[in-house]
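Analysis of the macromolecular model
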2 protein chains.
Amino acid sequence: MSISPPHNDTHNVILAKETPMPLDCGTTIGAFNMAYCTYGELNAEKSNAILVCHALTGDQYAASRQPVTGKDGWWNMMIGPGKVLDTDKYFVVCSNVLGGCMGTTGPRDIDPATGKPYGLNFPIITIGDMVRAQALLQDYLEIESWFCVIGGSMGGMQTLQWASAYPERVFSAIPIACAARHSAQNIAFHEVGRQAVMADPSWQGGDYYASDAKPRAGLAVARMAAHVTYLSEAALHRKFGRNLQDRENLTYGFDADFQVESYLRYQGINFVDRFDANSYLYITRAMDYFDLVEDHGGTLAKAFEGSNTRFCSVSFSSDWLFPTSENRKIVHALIAAAANVSFVEVETDKGHDAFLLETPEMFKTIQGFLQSSAKSRGLGE
Amino acid sequence: MSISPPHNDTHNVILAKETPMPLDCGTTIGAFNMAYCTYGELNAEKSNAILVCHALTGDQYAASRQPVTGKDGWWNMMIGPGKVLDTDKYFVVCSNVLGGCMGTTGPRDIDPATGKPYGLNFPIITIGDMVRAQALLQDYLEIESWFCVIGGSMGGMQTLQWASAYPERVFSAIPIACAARHSAQNIAFHEVGRQAVMADPSWQGGDYYASDAKPRAGLAVARMAAHVTYLSEAALHRKFGRNLQDRENLTYGFDADFQVESYLRYQGINFVDRFDANSYLYITRAMDYFDLVEDHGGTLAKAFEGSNTRFCSVSFSSDWLFPTSENRKIVHALIAAAANVSFVEVETDKGHDAFLLETPEMFKTIQGFLQSSAKSRGLGE
């Protein structure tokens, strides 16, 4: 096992320099920056590359110190020497999504047409666009096919989109805690978050970059509302119950009497330091628009027709945002498409967030699947 | 069956005029107004009175035209001649809760100490305080015991509090879709709503009554966030799914492309016309603080020890805000206290809101329970 030094550096590459990349909204985007981190070494055959797709508020720092928060990468427990995504064997790539705010071009970057930040002039991005941009990164890295594409939540949506749009470029795919289309309830929660941002006068129609006032309060509320949905009722009860925060008795006021209130406020306040409010609008919108069923004439199986990709679908029993029933629909479609698929519902009370947490059954499932896929791919031990 | 004319009028009575009423927070409140509506006639024995307790955003207009919205009362389908709460037989009373904004004294009323609206100087109100104030109304009406106390959601909490605090004044009790203590998840959702209000600069620390700027945007966001929790995933899917609003295709923008977005925005915008933002803070806080278990040394059964009240507990299978498991805890405690209790989980996909909707199984359950209770009480047909 090699000992790799901490790897904080983001690589940057300008993509679609000569030919602008078409977007689903009908326009194009050209010469955009893609920020990505890599872990491990690409082998000579270029057959050991894993693409990790991040979730709504994630970034490319999957296993590196996040430069704003100073915290470990969001999938540090999954990626590294000897870990599930073993960097002694695999070359792991994680890029910030198009429309994001950690380096890949997004609404806070300069619009070459005006010389000012895009704001709401940034084109609406879809999950398809995010994946199209990642495919340009794949070309740039001269990787013919990913050994595996993997991700949870919106990362799982990207994984499904990859397998559907570029089946020949994806040897195996692990969509976790996701859906083939965003539900009405989830659109509703996203709309609440967007309205919270837009209700903040400091948002200024999205044109706040040159201003001292930033829509921090609105974005914090959006984050708080979303955060409740990431946890299960059982996890909230176990972690907080009705416990009071640093006090013996109720204060009969609007302070954070309860630990759960204090926790939520902390989540909201911390988020705004590392995330751009407009990116939050764009990325939630991308998730709302995701609908592989509609994209394939109402039959999800058509999204995966003739696919040679090996699939492993993972869901969590207490995830009510992307419940197991949604993953089952994906699995049924894959079976109908005669694809190679395995499916595990992990028993946990941790809710949707389980994919980001110490979840041994998930680790074991993914490790086993990767080992068998590596064997099929002819990757030596 | 008598034909009663539409009854819009609120009665008003000043309570606690001579002796201020103690509040759970440790202070007192004196000479406060209580606004209430009545339907039907009180019989000579004063034995046919039903107290209807309203939910978070409800009011006394249970079966009267709401003067601000012009809409029918929120329980119009339950209350009236020949209906479940049959006004040919029963005298139905519904009062606006203490801390409310439809006539009963609340944060937008004048603080006699300053001559200005209370705002955040209004004392924190609990469910216990709301019920204590209703008990003063009961005294005023010279009704020794309610034939029945009934309510859904926060109305159910008041119903439980009534039965616990004043067992001899409650012949029968119907708590619907509620809990004996507010869960961590529900406190979390309330905190999101409060933070949305408080994040609105027009809220001005609660001192906005004399100002042109009102925290409408923040309150609308709070209402939207809450509204998602009142519906089930299944109901949202059935009603809206991913249907588009008055358009054939996605617009690739932040307009309300989806019907569910348009519906939510409508809910938010309409709410702010009829509700005071500070009342929203106070009443959500009252629900958060509700904990009959803690109030009785950790044993819920003690809340109902020796009770002669007849109980009928109703829950809804798709209610995830106050799930059936919470109602079961109430029923188990009542059984442990040797109380007379029946329990029905109504099968419906309508979510928490089912108690406000055409839900035939709920109607039938309550009607049957009231008939048998009326017989026990010696109320003639």
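Scroll up to find the structure this text is about.
Attention here is on the structure that accompanies the text. (Residues numbered from 1 in each chain as written. Chains lettered and ligands numbered in written order. Predicted model: local features only at pLDDT ≥ 70, side-chain atom pairs only at ≥ 80, totals over all residues.)

Quick look at the overall build of chain A now. What chain A contains, in helices and strands, is 10 helices and 14 strands. At 21 Å, chain A has a C-alpha radius of gyration in line with the 21 Å of a compact globule built from 381 residues. With the principal axes as the frame, chain A shows a C-alpha extent of 65 × 50 × 50 Å. Counting across all 381 residues of chain A, residues that qualify as buried make up 56%. (Helix = DSSP H or I, 4+ residues; strand = E, 2+ residues; numbered from the N terminus. Rg over C-alpha atoms; globule rule 2.2 N^0.38 Å. Buried ≥ 20, exposed ≤ 12 C-beta atoms within 10 Å, placed from the backbone.)

What follows covers the environment of A:I176. All names here are of chain A. Here I176 lies in strand β12 (residues 172–176). The exposure class of I176 is buried, given the 29 C-beta atoms found within 10 Å. As a C-alpha pair, I176 and G103 span 73 residues in sequence and 25 Å in three-dimensional space. Ignoring anything within four residues of it in the chain, the contact list for I176 reads G151, G152, G156, V314 and F355. (Contact = placed C-beta atoms within 7 Å.)

Our focus in this paragraph is the packing of helix α3 (residues 184–199) of chain B against helix α7 (residues 277–289) of chain B. Each pair of packed helices can be summarised by the angle the axes make with each other and by the distance between the axes. Residue and element names in this part refer to chain B. The interhelical angle for the contact between α3 and α7, taken along N-to-C directions, is 160°, at an axis separation of 10 Å. Classified by the angle their axes make, α3 and α7 are roughly antiparallel. Between α3 and α7 the crossing geometry is left-handed. For the pair α3 and α7, the contacting residues are I187, H190, G193, R194 and V197 in the first and A277, Y280, L281, T284, M287 and D288 in the second. Of the residues that constitute the contact of α3 with α7, the class distribution is 6 nonpolar, 3 polar and 2 charged. (Axes fitted to C-alpha atoms, helices over the stretch in contact; angles between N-to-C directions. Parallel < 35°, antiparallel > 145°, perpendicular 65-115°, else oblique. Left-handed = near helix turned anticlockwise from the far one by under 90°. Nonpolar A, V, L, I, M, F, W, Y, C, P; charged D, E, K, R; others polar.)

Here the focus is the interface of chain B and chain A. Taken together, the 41 residues of chain B in the interface contact 41 residues of chain A. Of all elements in the fold, only α3, α4 (216–230), α5 (233–239), α6 (259–274) and α7 of chain B reach the threshold of two or more residues within the side of chain B that touches chain A. Among the elements that take part in the side of chain B that touches chain A, α3(B) stands out by supplying 11 residues, more than any other. Of the residues that constitute the side of chain B that touches chain A, the class distribution is 25 nonpolar, 7 polar and 9 charged.

Here we come to the environment of A:G368. Residue and element names in this part refer to chain A. Mapped onto the fold, G368 is located in helix α10 (residues 360–377). Looking at G368, the number of C-beta atoms within 10 Å reads 14, which means it is partly exposed. Sequence separation between G368 and Y118 is 250 residues; the distance between their C-alpha atoms is 44 Å.

Right, let's get into unusual backbone geometry. Backbone geometry at A:S153 places phi at a positive 60°, although glycine is not the residue there. Among the structural elements, A:S153 can be located in the loop between β11 (148–152) and α2 (154–165). Its identity is not glycine, yet B:E142 carries a phi of approximately 55°, on the positive side. Locating B:E142 in the fold gives a position in the loop between α1 (127–140) and β11 (148–152). Exposure remark for B:E142: the 8 C-beta atoms within 10 Å place this residue in the exposed category.

Take the pairing of strand β13 (residues 310–316) of chain A next. All names here are of chain A. In terms of residue burial, β13 counts as a mostly covered element, since 7 of its 7 residues are buried. The alternating pattern of β13 places R310, C312, V314 and F316 on one face and F311, S313 and S315 on the opposite face, and all of these are buried. Pairing of β12 with β13, which is carried by 3 bridges, proceeds in the parallel orientation. Its bridge partner lying in β13, S172 is registered against R310. Bridge count for β13 against strand β14 (residues 340–346) is 7 bridges, and the pairing is parallel. Within β14, the position partnered with R310 by the bridge is N340. (Pairing = 2+ DSSP bridges.)

Bear in mind that shape data such as this cannot, by itself, settle questions of function.
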